[in-house]
Amino acid sequence: MDKKKIIEVSSDTNIGGAGKCLITLLENFDYGKFDVKVILPPNSLLKPMVEENGIEVIEVEGIAEKSLDIKSIKRLKSVFKAEKPDLVHTHASMSARIAARHAGARVIYTRHSVFPPKKYMTGFPGKQINGAFNNYYADGIIAVADAARENLTDTGVNAEKIRVILNGVKGLKPATETEKAELRRRFGVDDDEKVISIVARLEDIKGHEYFIEAADMLLKDGIKAKFFIAGTGSYENTLKEKVRRLEREDKIIFTGFISDVDKLMNITDIQVNASYGTEATSLALLEGMSIGVPAVVSDFGGNPGVIKNQENGYVVAKQNSAALKTAIHTLIKDEALYKYMSEKSVEIFNSTFTAEAMTRRTEEFYLDIIDRKGVK
């Protein structure tokens, strides 16, 4: 069969979750079936990663970190007219969706995030207007979690256009015992200490303050552990001040941005995700699962779709530091339970969350839309 021509569009200048998903697709596409190009804003950090996969990058002015930019619609339409793609897949670029539709291409976009919709978007006339717009400017929509699908339908999007395709990642390489010992020294972890980590942007809605409070309670209970907070963000100073007030700087440690987060994950005993304002499918949770790291997560957004309560971790009430503390404590103290959840984490990852599984499902959706077979 003739190759189908696909153009992926991202407005990201930095490397976030949506960008990582795009790179994962590019690394795993069946290029015997698809000819792929990528549109990015100038100077995007994604560009070298895209080009490493042998994919042509088309840079378009005006789309950087913007969903909608009126001037860029004309530029994008010109590109689509010249390239004549069978399908355009956009990642947070409404401009590209509009341009692709008016250039005659079929359009899919991915809803990468989950957050409570504004009230005016779920009632008349906001729901009807939003639904009409999104239904017209998309032939298909990928939701990365059931919660993302609910966000869309709650704001008027036709459920028949949506397919839930869970994020997938390349599994991490497990470290050897010798490597783990060296990594523990690098991160300043004593032999008798457990490692509890949270990997997320330092924003208030990510729930780090509840992680810090749970850590403080565990330390007061005599738990020997170090608690790592990996990432950067606008809430960093507030969180560091909270740790200073608790006088826990030696046990609750901010790593900042670390490019080799897999090193931290390889010595992590328990991973935490405490989000309460936006969370789809956490890539960090998936990476941890791939090497047997159980998790304790809030019951928000896509978290319950990744962590099955009492299977590969615990799902607890959001914004509840006591609940986080209790679940973490249980996992630390019950060795048999921990072993079961660690093994279950790998099993669930391999069956559901691999990069290959995500890519094959995405390819099937592309072909369904291109061939106008409809949406399952």
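Each remark here, short or long, concerns the structure printed above.
Worth saying up front: this structure is predicted, and the values here are computed from it rather than measured.

Asks: Teacher, can you tell me more about the pattern of salt bridges here?
Replies: Oppositely charged side chains can form a pair if their charged atoms are brought close together. Scanning all chains against the criterion turns up 25 salt bridges. Put simply, Glu 193 and Lys 226 hold a salt bridge, and the shortest N to O gap is 2.8 Å. Here the residue Glu 193 occupies a position in the loop between α7 (177–186) and β8 (194–199), and Lys 226 occupies one in strand β9 (residues 225–230), the gap between them amounting to 33 residues. Neither Glu 193 nor Lys 226 differs from the other in exposure class; each is buried. Among the ionic pairs, Lys 344 bridges to Glu 311, the shortest N-O distance being 3.7 Å. Residue Lys 344 is located in helix α14 (residues 335–352), and its partner Glu 311 is located in the loop between α12 (303–306) and β13 (313–316); the two are separated by 33 residues in the primary sequence. Within the structure, one salt-bridge network assembled from shared partners comprises Lys 5, Lys 37, Glu 56 and Glu 83.

Asks: Looking at this structure, I do not really get the packing of helix α8 (residues 208–220) against helix α9 (residues 236–246). What am I missing?
Replies: Where α8 meets α9, the closest approach of the two axes is 10 Å, and the angle between their N-to-C directions is 15°. By the criterion of interaxial angle, the relationship of α8 to α9 is roughly parallel. Handedness of the crossing formed by α8 with α9: right-handed. Contacts between α8 and α9 involve His 208, Glu 209, Ile 212, Glu 213 and Asp 216 from the former and Leu 239, Lys 242, Val 243 and Leu 246 from the latter.

Asks: Explanation requested: the sheet that holds β13 in the structure shown.
Replies: Strand order in the open sheet made by the six strands is β10-β9-β8-β11-β12-β13, with parallel pairing throughout. Both outer strands of the open sheet, β10 (252–256) and β13, are each paired with one neighbouring strand and no more. Averaged over all pairs of adjacent strands, the angle between strand axes in this sheet comes to 20°, irrespective of strand direction. Where strand β11 (residues 270–273) meets strand β12 (residues 295–298), three bridges bridge the pair, whose relative direction is parallel.

Asks: Hey, could you run me through the packing of aromatic side chains in this one?
Replies: Each aromatic ring pair is summarised here by two numbers: the centre-to-centre distance and the angle between the ring planes. The tally for this structure, following the rule as stated, stands at nine aromatic pairs. Judged by centre distance (6.1 Å) and plane angle (80°), the ring pair of Phe 34 and Tyr 366 falls under edge-to-face. Placement of Phe 34 in strand β2 (residues 34–40) and of Tyr 366 in helix α15 (residues 355–370) is noted, with a sequence separation of 332 residues between them. An identical accessibility class is assigned to Phe 34 and Tyr 366; each is buried. Considering the side-chain rings of Phe 133 and Tyr 137, the 4.7 Å spacing of their centres and the 45° angle between planes classify their relative orientation as tilted.

Asks: What is the right way to look at α8 in this model?
Replies: An α-helical turn contains 3.6 residues, so any two residues separated by three or four positions project in the same direction. The end-to-end C-alpha distance of α8, which contains 13 residues, comes to 18 Å, matching closely the 18 Å that a straight helix rising 1.5 Å per residue would cover. Each element contacted by the buried residues of α8 is listed here: β8, β9, α9, β10, β11 and α13 (321–333). Residue Gly 222 follows α8 closely and has a positive phi angle near 90°.

Asks: I would appreciate a short explanation of the side chain of Ser 321 in the present structure.
Replies: Summarising the element assignment, Ser 321 is placed in helix α13. Given a relative accessible area of 13%, Ser 321 falls into the buried group. Those residues in contact with Ser 321, other than ones at most four positions away along the chain, are Tyr 210, Glu 213, Ala 214 and Met 217.

Asks: Looking at this model, I keep getting lost on the pairing of β11. Mind explaining?
Replies: When a strand is regular, its side chains alternate between the sheet's two faces. Going residue by residue along β11, you find Ile 270 and Val 272 tucked away on one face and Gln 271 and Asn 273 tucked away on the opposite face as well. Strand direction decides the pairing type here: β8 and β11, joined by three bridges, are parallel. Bridged to Ile 196 within β11 is Ile 270.

Asks: Sorry if this is basic, but what is going on with unusual backbone geometry here?
Replies: Negative phi is the rule for most residues except glycine; trans is the rule for most peptide bonds. The residue after Phe 124, namely Pro 125, is reached through a cis peptide bond having omega 0°. Inspection of the secondary structure assignment puts Pro 125 in the loop between β5 (106–111) and α5 (126–136). Its identity is not glycine, yet Glu 65 carries a phi of approximately 55°, on the positive side. As for its placement among the helices and strands, Glu 65 is situated in the loop between β3 (56–59) and α3 (70–83). Not every positive phi belongs to a glycine, and Ala 92 is a case in point at roughly 65°.

Asks: Explanation requested: the nonpolar core in the structure shown.
Replies: In globular proteins that are soluble, nonpolar side chains generally tend to be buried together. Membership of the largest hydrophobic core comes to 32 residues, with the highest contact counts inside it found for Ile 196, Phe 227, Ile 229, Val 296, Tyr 314, Leu 324 and Ile 328. Top element by residues in this core is α8. It accounts for seven residues. Once residues lying within four places of it in the same chain are set aside, the contact partners of Ile 196 are Phe 211, Ala 225, Lys 226, Phe 227, Phe 228, Ile 270, Val 272, Ile 328 and Ile 332.

Asks: In this structure, what is going on with the pairing of strand β1 (residues 4–10)? I would like to understand it.
Replies: The buried count for β1 comes to six of seven residues, which makes it a mostly enclosed element. Note: β1 against β2, six bridges, orientation parallel. By the bridge assignment, Ile 7 is partnered in β2 with Lys 37. Pairing of β1 with strand β4 (residues 87–91), which is carried by five bridges, proceeds in the parallel orientation. By the bridge assignment for β4, Val 9 is matched with Thr 90.

Each value, and the rule that gives it
- Residues numbered from 1 in each chain as written.
- Predicted model: local features only at pLDDT ≥ 70, side-chain atom pairs only at ≥ 80, totals over all residues.
- Heavy atoms only, no water.
- Salt bridge = Lys/Arg side-chain N within 4 Å of Asp/Glu carboxyl O.
- Helix = DSSP H or I, 4+ residues; strand = E, 2+ residues; numbered from the N terminus.
- Buried < 20%, exposed > 50% of the residue type's maximum accessible area, 1.4 Å probe, protein only.
- Axes fitted to C-alpha atoms, helices over the stretch in contact; angles between N-to-C directions.
- Parallel < 35°, antiparallel > 145°, perpendicular 65-115°, else oblique.
- Left-handed = near helix turned anticlockwise from the far one by under 90°.
- Contact = heavy atoms within 4.5 Å.
- Pairing = 2+ DSSP bridges.
- Phe/Tyr/Trp six-rings, centres within 6.5 Å; stacked < 30°, edge-to-face > 60°.
- Expected span 1.5 Å × (residues − 1).
- Core = buried A, V, L, I, M, F, W, Y, C linked by side-chain atoms within 4.5 Å.

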